[in-house]
Amino acid sequence: KTIKLEIISQKSANDDAGRKGVQIVLVHGSYHGAWCWKDTFMPYLSARGFDVCALSLRGHGTSTVPVDEETGERAKVAGSLQTHADDVRTFLESLGDDKQVVVVGHSFGGLIVQQVLADQSTNGGPSNVVGAVLACSVPPSGNQAMVGRIFKAAPWLSVKITYAMITDAFKKDANLMQDIFFRGPGSLPDTESLRILERLQEVQIRMLDVAALPNDLPVKTPKSAASGNWPPVLVLGAEQDSIVDSDGLRETADAFCTAPLTLAGIGHDVMLDAGWETAAEATADFITKRTV
């Protein structure tokens, strides 16, 4: 079955900014879709002079939902790390070599972007990617060590997150959802919280088989690869992130031979939480310096 990805695009609203030819591509994390960037990062980056688009990974948003070949029913998992990376790579290549592409990945979307960069740098992947932003990204080794550390540091929070993810309970409980993706209950106005909750409920498939994921890890990075042409990377973290801890953030930054930038007063969903502008500004400033 052919997989078609949902793409939401917004052209530059400021052609005088001198950023013609730069294309930003936004990749969401688990349970989200292209929608999560639509009202925040996309208009902000457009106003800064960039063409920007967001994609929904297979099984998310209005993208094709994979089918189990044996049963003919909806697959339990949308794809593997490499499958998702191949989908993103195919889209990036469709943009053409005349574009300077910067790809932004959030959470598990960040891990997928890391795989795209590894393919580009070591296996002849897309040649038009000139930079990347990894926002609250799962580190190259995956999330298992982080889960263990968070359990030791905050057992009750860890149990709540694990329970919520296994049972999808966060889709029915706005407070639990805010515990996981934001800064806790009250992080968002009630109307916005309910809007996001409704969007999260739309996803009926797991992005990745987390139990099988370690077989594909760690992802190759500039630190671990013997060679390769790696683009510059911005590693963004959030001070009040309940999913990606500071050690995980440092692991990602160290792997890409850079220092992390941690944003104060914001939770895991840096594109939806109050204060998202700080994350969008850091992203735009990084891209401006690297491409213009």
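Located above this text is the structure these notes cover.
Residues numbered from 1 in each chain as written. Predicted model: local features only at pLDDT ≥ 70, side-chain atom pairs only at ≥ 80, totals over all residues. Heavy atoms only, no water.

So what exactly am I meant to see when it comes to the pattern of salt bridges here?
Where charged atoms from two side chains of opposite charge approach closely, those side chains can pair. A full pass over the atoms with the stated rule returns 16 salt bridges. A salt bridge links Lys 160 to Asp 179; the shortest N-O distance between them is 2.8 Å. Pair noted here: Lys 160 is in helix 6 (residues 155-167) and Asp 179 is in helix 7 (residues 174-181), with a separation of 19 residues, a long-range link. Residues Arg 183 and Asp 273 are paired through a salt bridge, measuring 2.9 Å at the closest nitrogen-oxygen approach. Separated by 90 residues along the polypeptide, Arg 183 in the loop between helix 7 and helix 8 (190-201) and Asp 273 in the loop between strand 7 (261-263) and helix 10 (276-291) bring together distant segments of the chain. In this structure Arg 183 comes out as partly exposed when scored by relative accessible area, which is 31%. Residues joined by salt bridges that share partners form a network here, namely Asp 86, Arg 89, Glu 93 and Asp 119. (Salt bridge = Lys/Arg side-chain N within 4 Å of Asp/Glu carboxyl O. Helix = DSSP H or I, 4+ residues; strand = E, 2+ residues; numbered from the N terminus. Buried < 20%, exposed > 50% of the residue type's maximum accessible area, 1.4 Å probe, protein only.)

Any chance you could explain helix 4 (residues 108-122) here in plain terms?
Residue pairs spaced three or four apart in an α-helix point in one direction, given the helix's 3.6 residues per turn. A rise of 1.5 Å per residue sets the reference length of helix 4, with its 15 residues, at 21 Å; its end C-alpha atoms lie 21 Å apart and thus fit the reference within 8%. Within helix 4, 14 of the 15 residues are buried, leaving the element largely enclosed by the surrounding structure. (Expected span 1.5 Å × (residues − 1).)

Sorry, what's going on with the sheet that holds strand 7 here?
Pairing between the strands of a sheet is mediated by backbone hydrogen bonds and can be parallel or antiparallel. One open sheet holds the 7 strands; their spatial order is 1-3-2-4-5-6-7, and the pairing between them is mixed. At either end of the open sheet lies a strand with only one pairing partner, and these are strand 1 (6-10) and strand 7. For this sheet the average axis-to-axis angle between neighbouring strands, irrespective of direction, equals 20 degrees. Bridge analysis of strand 4 (residues 100-106) against strand 5 (residues 129-135) gives 6 bridges, and the strand direction is parallel. Along strand 5, the bridge assignment pairs His 106 with Ala 135. Sitting on the sheet, helix 9 (residues 246-255) touches strand 5, strand 6 (233-238) and strand 7, and the angle it makes with strand 6 is about 175 degrees. Of the strands in this sheet, strand 2 (22-27), strand 4, strand 5, strand 6 and strand 7 are in contact with helix 10, which crosses strand 6 at around 170 degrees. (Pairing = 2+ DSSP bridges. Axes fitted to C-alpha atoms, helices over the stretch in contact; angles between N-to-C directions. Contact = heavy atoms within 4.5 Å.)

Teacher, can you tell me more about helix 10 here?
Between the first and last C-alpha of helix 10 there are 23 Å, a value that for 16 residues agrees with the 22 Å anticipated at 1.5 Å per step. Regarding helix 10, the residues found buried are Trp 276, Ala 279, Ala 280, Ala 282, Thr 283, Ala 284, Phe 286, Ile 287, Thr 288 and Thr 291. On its buried side, helix 10 packs onto strand 2, helix 2 (41-47), strand 4, strand 5, strand 6 and strand 7.

Help me understand the pairing of strand 2, please; the structure alone is not making it clear to me.
Two faces, one strand: in a regular strand the side chains alternate between the faces of the sheet. Of all the 6 residues making up strand 2, 6 are buried; the element is thus mostly covered by neighbouring parts of the structure. Burial along strand 2 is two-sided: the face carrying Val 22, Ile 24 and Leu 26 and the face carrying Gln 23, Val 25 and Val 27 are both buried. Taken together, the 6 bridges between strand 2 and strand 4 define a ladder with parallel strand orientation. The partner of Val 27 across the bridge, within strand 4, is Gly 105.

Whenever I open this one, unusual backbone geometry confuses me. Can you help?
The phi torsion of most residues other than glycine is negative, and most of the peptide bonds are trans. Between Leu 217 and Pro 218 the backbone carries a cis peptide bond, its omega angle lying at 0 degrees. Phi is positive for Ser 107, which is not a glycine, with a value near 60 degrees. Looking at the secondary structure, you find Ser 107 in the loop between strand 4 and helix 4. For Cys 136, which is not glycine, the phi dihedral falls at a positive 45 degrees. With respect to the helices, strands and loops of the structure, Cys 136 is situated in the loop between strand 5 and helix 5 (144-153). When its relative accessible area of 1% is taken as the criterion, Cys 136 is described as buried.

Would you explain the nonpolar core in this entry?
Among soluble globular proteins, nonpolar side chains are generally buried collectively. Counting residues in each nonpolar core, the largest one holds 56 residues, and the members touching the most others are Leu 26, Trp 37, Phe 41 and Phe 170. Counting residues per element, this core draws most heavily on helix 10, at 7 residues. In this structure Phe 170 touches Tyr 31, Ala 164, Met 165, Leu 176, Met 177, Ile 180, Phe 181, Leu 197 and Leu 200, once residues within four positions along its chain are discounted. Core analysis: the second largest hydrophobic core is formed by 36 residues, Ala 85, Leu 111, Val 219 and Ala 253 among them. (Core = buried A, V, L, I, M, F, W, Y, C linked by side-chain atoms within 4.5 Å.)

Where do I start with the state of the cysteines in this structure?
Here is the idea: a disulfide is a covalent bond, and it sits between the sulfur atoms of two cysteines. Per the counting criterion, the structure on display carries 0 disulfides. Between Cys 36, a cysteine without a disulfide, and Cys 136, which holds the nearest cysteine sulfur, the sulfur-to-sulfur distance is 12 Å. (Disulfide = S-S within 2.5 Å.)

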